[in-house]
Amino acid sequence: MKILVTGGAGYVGSHCVRALVAAGNDVCVLDNLSAGHAKAVDPKARLVVGDLVDRVLLDQLFSAVRFEAVLHFAAFIEVGQSVIDPLAFYDNNVGNSVRLLQTMQKHAVKRFVFSSTCATYGIPPKMPITEDFAQIPASPYARAKLAVEWALADSATAWGLGFTALRYFNAAGAAPDGTIGEDHDPETHLIPNVLKVALGQRECVKIFGTDYPTRDGTCVRDYVHVDDLAVAHLRAIETVSPGAARYYNAGTGRGATVREVVDVARRVTGHAIPIVEVERRAGDVPELYADSTKIRAELGWTPRYDKLDDIVGSAWNWHKNHPNGFDDRPRKA
Ligand code: UFG
């Protein structure tokens, strides 16, 4: 298939591009490299450095290549930043998605896979989360993602778009060969921050909140390996059909606390990884883990990485071989 991947130089996007290429697809990546890395893009894919804000570029791309499907990863991802500057998120995450969909409509491209998030559920009343839970997002980031889900549903009805919205839980880990992995600047995610302590780049891990109503007082998340997410995208794009709207939770169904993640990282790295307990981080919810029955049953998806040790181990393999990520320059902590 000829596939356009927006944000294909980013963390989840680059792992998906690699899987798409390995499966024999002809992949074009569109990325403005504001957060992505050219070096993360599989050399067998074509990289177009450009912005989704550029309607002319989009039109030229779709005129030059008859794309059969689009995977849309490009987006701002920092929940805290979305509270400070919500309009940037509505502009970048909603506006750009709408422009992309308008271009697809114009060129009659009707297969789409969208990077949505479990954050659209807000603070769910119970666990695990199934796809029919009410979506009451608690941040501008999550509201913008939900707004795109609505635009997709309306497009399915109005012009026959077929789409799958994958509601990711916590993407983690790295390619097992250690050549691509997570590289955000600044880094806010738990696992890379824990591993930066083992690398000696940070003194200790801050644990944000130890008084949550969970088994050890710290937040529970469902860490899903980025290559398993990539397989979910492959299955999604293979099965999407015009006019059909699908929604899946992309998580393992297993939750881990922050303390458990730190313990796993201690085992994997052999480093003591000191912690310091600090206040809760604004916007965090106590527990989020998936009921992934639907995606397993309908897409035949089974996460290969069912042990947190293996997920953290693959991340460690990446970080220790690339302490400065894709760059040679030292990073800010
Ligand atoms: N945490 C710490 N210390 C850190 C970093 C994180 O204690 O240095 C804690 C957080 O408070 C949270 C947990 O570790 O309880 C996981 O935090 P992450 O920042 O790794 O991930 P989030 O769950 O906050 O957010 C991620 C993505 C979002 C997505 C969300 C869905 O960043 O884009 O998962 O759950 F929406």
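These figures come from a predicted structure and were not determined experimentally.

Enquirer: What's the story with the overall build of the protein chain in this structure? I'm lost.
Expert: Scanning the protein chain from N- to C-terminus turns up 10 helices and 14 strands. A compact globule built from 333 residues would reach a C-alpha radius of gyration of about 20 Å, and the protein chain, at 19 Å, matches this within 12%. Taking the principal axes of its C-alpha atoms as reference, the protein chain extends roughly 55 × 45 × 40 Å. Going through the 333 residues of the protein chain one by one, you find that 53% of them count as buried. For the protein chain, the centre of its 36 positive side-chain charges and the centre of its 39 negative side-chain charges are spaced 3 Å apart.

Enquirer: Explain the site of the ligand here, please?
Expert: Residues in contact with the ligand amount to 20 residues; listed here are only the nearest, His189, Lys206, Arg221, Arg281 and Asp284. A distance of 2.9 Å separates an oxygen atom of the ligand from a polar side-chain atom of asparagine 170. At 2.8 Å, a side-chain N or O of arginine 221 approaches an oxygen atom of the ligand. At the level of elements, α6 (190–198) and β8 (205–208) are the ones that each hand at least two residues to the shell around the ligand. No other element matches the three residues that β8 contributes to the shell around the ligand. Taken together, the residues of the shell around the ligand break down into 11 nonpolar, five polar and four charged.

Enquirer: Which parts of the structure should I look at to understand the domain arrangement of the protein chain?
Expert: Accessible area lost during the coming together of the parts is what is often quoted as the interface size. Domain annotation for the protein chain reports domain 1 (2–172 + 225–250) and domain 2 (190–221 + 253–298 + 305–321). Here the C-alpha centroids of domain 1 and domain 2 sit 25 Å apart. Taken residue by residue, the interface counts 19 residues in domain 1 and 15 residues in domain 2. Of all residues in domain 1, Met127, His225 and Tyr248 give up the largest surface area on contact with domain 2, accounting jointly for 32% of the area buried on that side. Our count for the domain 1 to domain 2 interface comes out at zero salt bridges. At the boundary of domain 1 with domain 2, the tally comes to six residue pairs in polar contact (both at pLDDT 80 or more). Mapped onto the side of domain 1 that touches domain 2, the elements with two or more residues apiece are β7 (170–172), α7 (226–239) and β11 (245–250). With three residues, the top contributor of residues to the side of domain 1 that touches domain 2 is β11. The class makeup of the residues in the side of domain 1 that touches domain 2 is 12 nonpolar, five polar and two charged.

Basis of the calculations
Residues numbered from 1 in each chain as written. Predicted model: local features only at pLDDT ≥ 70, side-chain atom pairs only at ≥ 80, totals over all residues. Heavy atoms only, no water. Helix = DSSP H or I, 4+ residues; strand = E, 2+ residues; numbered from the N terminus. Rg over C-alpha atoms; globule rule 2.2 N^0.38 Å. Buried < 20%, exposed > 50% of the residue type's maximum accessible area, 1.4 Å probe, protein only. Lys, Arg positive; Asp, Glu negative; His and termini not counted. Charge placed at Lys NZ, Arg CZ, Asp CG, Glu CD. Near = heavy atom within 4 Å. Polar contact = N/O pair within 3.5 Å; in protein donor to acceptor, adjacent residues only side chain to side chain. Nonpolar A, V, L, I, M, F, W, Y, C, P; charged D, E, K, R; others polar. Domains from an automatic or database assignment. Contact = heavy atoms within 4.5 Å. Buried area = accessible area lost by both parts, 1.4 Å probe. Salt bridge = Lys/Arg side-chain N within 4 Å of Asp/Glu carboxyl O.

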